[in-house]
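# A closer look at the structure
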Amino acid sequence: MSELITWAGRTLSGSDRFGRWVTTSLEGWWDSPEIRGDAEDRPYQDGEFDLPVYNQARLITINGNLHADSHAQLHEAMNFLTGPMSGRLTVTGHGVVQWADAKRNSGVKFTPVTDVFAQWQVRLKCPDPRKFGNSVTTAVATGSPVTVSHRGNYNAMPKFIVRGDMPGGYTITVDGWNYTVTSALVTGQPHRIDYDNGRLYRNGVLTQGSVGIVTTTQPIPPGKSVAVGLYPFTTGSGSADMTIIDTFI
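Before going into details, it helps to say that this report is about the structure given with it.

Definitions and cut-offs
- Residues numbered from 1 in each chain as written.
- Predicted model: local features only at pLDDT ≥ 70, side-chain atom pairs only at ≥ 80, totals over all residues.
- Heavy atoms only, no water.
- Helix = DSSP H or I, 4+ residues; strand = E, 2+ residues; numbered from the N terminus.
- Contact = heavy atoms within 4.5 Å.
- Buried < 20%, exposed > 50% of the residue type's maximum accessible area, 1.4 Å probe, protein only.
- Arc of directions from axis to C-beta.
- Salt bridge = Lys/Arg side-chain N within 4 Å of Asp/Glu carboxyl O.
- Pairing = 2+ DSSP bridges.
- Axes fitted to C-alpha atoms, helices over the stretch in contact; angles between N-to-C directions.
- Phe/Tyr/Trp six-rings, centres within 6.5 Å; stacked < 30°, edge-to-face > 60°.

Before going further, it helps to examine the environment of phenylalanine 49. Mapped onto the secondary structure, phenylalanine 49 falls in the loop between strand S4 (35–36) and strand S5 (54–55). C-alpha of phenylalanine 49 to C-alpha of alanine 39: the two residues are ten residues apart in sequence and 7.3 Å apart in space. In contact with phenylalanine 49, other than residues within four places in its own chain, are Glu40, Asp41, Arg42 and Pro43.

Have a look at this one:
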């Protein structure tokens, strides 16, 4: 598989109507992000308190060259590359295809060297440092749990579309942890649940007060198969389409 890198619809490695783009370095994409967290010494003892740490935003610097087909196309390419503020960064050709949403972290540099050759640099920030790969959708019927997993290296947050008729609400169970919906599920009015933010949408509209107080949005850890089930509170039945995206850090 040949390398192809794109951002915001712009080719950074590969060929397009302007010529041949060559990425010479891709810094910050393959590495883990830097860590952030508080540090507090243990008074009158060795070491520190074991406080949580988190990943910072992912910072990426991409350097490369453009071999343009003509001098006019060199300048057209410059105008095209320097325009966007944000977009999806996709890297193909190094194992599984990975992508992340990234915005510009500084000005795009584009330096013509000859009439048909230029050097460029794009610096990006991914506020969400995770990278994503392939997605798999699995159907889960009420009372019939299934086993799921993913091939990333970081916790994956599933998404559900629940359809059916469960007038007393229902529970989604992931790895033994419950997400409780107290409002009725009505035929023709599907619920969409995003574990990334814990929100529930009915017919695409955010609902309030429909999720139980004791509710957990349990991630799917890497390298582990977990059970996922759907259960009505009272009567009725339904099904959920569960989508998991391979998640990397």
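Back to the write-up after that little detour.
This brings us to helix H1 (residues 71–81). Where H1 is concerned, the buried positions are Leu74, Ala77 and Leu81. One side of H1 carries all its buried residues, which in axial view fall inside an arc of 65°.

Turning next to the pattern of salt bridges. A side chain of one charge can pair with a side chain of the opposite charge when the charged atoms of the two come close. Counted under the stated rule, the structure contains six salt bridges. Across the pair aspartate 194 and lysine 159 runs a salt bridge whose closest N-O atoms are separated by 3.7 Å. Here aspartate 194, found in strand S16 (residues 191–194), pairs with lysine 159, found in strand S13 (residues 159–165); they are 35 residues apart in sequence, far enough to count as distant. Residue classification places lysine 159 among the partly exposed positions, given a relative accessible area of 32%. Salt bridges sharing partners connect three or more residues here, namely Asp128, Arg130 and Asp196.

Here the focus is the sheet that holds strand S12 (residues 146–148). Across the sheet, which stays open at both edges, the four strands sit in the order S12-S19-S14-S15 with antiparallel pairing between neighbours. Every other strand in the sheet has two partners, leaving S12 and strand S15 (177–181) as the edge strands with one partner each. When strand polarity is set aside, the average angle formed by the axes of neighbouring strands in this sheet is 25°. Looking at chain direction, strand S14 (residues 170–174) and S15 are connected through five bridges and run antiparallel. Looking at the pairing, threonine 173 lines up with asparagine 178 of S15.

Take the packing of aromatic side chains next. In this structure the tally under the stated criterion is five aromatic pairs. Considering the side-chain rings of phenylalanine 18 and phenylalanine 80, the 5.6 Å spacing of their centres and the 45° angle between planes classify their relative orientation as tilted. Of this pair, phenylalanine 18 sits in the loop between strand S2 (10–16) and strand S3 (19–27) while phenylalanine 80 is found in helix H1, placing the two residues 62 residues apart along the sequence. Judged by relative accessible area, which is 25%, phenylalanine 80 ranks as partly exposed. Seen from their ring centres, phenylalanine 160 and tyrosine 195 are 5.3 Å apart, and the 55° between their planes marks the pair as tilted. Of the two residues, phenylalanine 160 is situated in strand S13 and tyrosine 195 in the loop between S16 and strand S17 (199–202); the sequence distance between them amounts to 35 residues. Of the two residues, phenylalanine 160 and tyrosine 195, neither departs from the other in class, the shared state being buried.

The next thing to look at is unusual backbone geometry. Positioned with a positive phi, alanine 8 is a non-glycine residue whose angle comes to about 55°. Here alanine 8 lies in the loop between strand S1 (4–7) and S2. By relative accessible area, which is 18% here, alanine 8 ends up buried.

Once that is clear, we can look at the pairing of strand S19 (residues 226–232). Bridging between S12 and S19 involves three bridges; their strand directions are antiparallel. When the sheet's bridge partners are listed, threonine 147 is paired in S19 with alanine 227. Taken together, the five bridges between S14 and S19 define a ladder with antiparallel strand orientation. Bridged to valine 174 within S19 is valine 228.

This brings us to the side chain of threonine 90. In this fold, threonine 90 is placed in strand S7 (residues 86–92). You can call threonine 90 buried: its relative accessible area is 19%. Sequence-distant contacts of threonine 90, that is, excluding residues within four places in its chain, are made with Leu4, Ile5, Thr6, Val97, Gln98 and Trp99.

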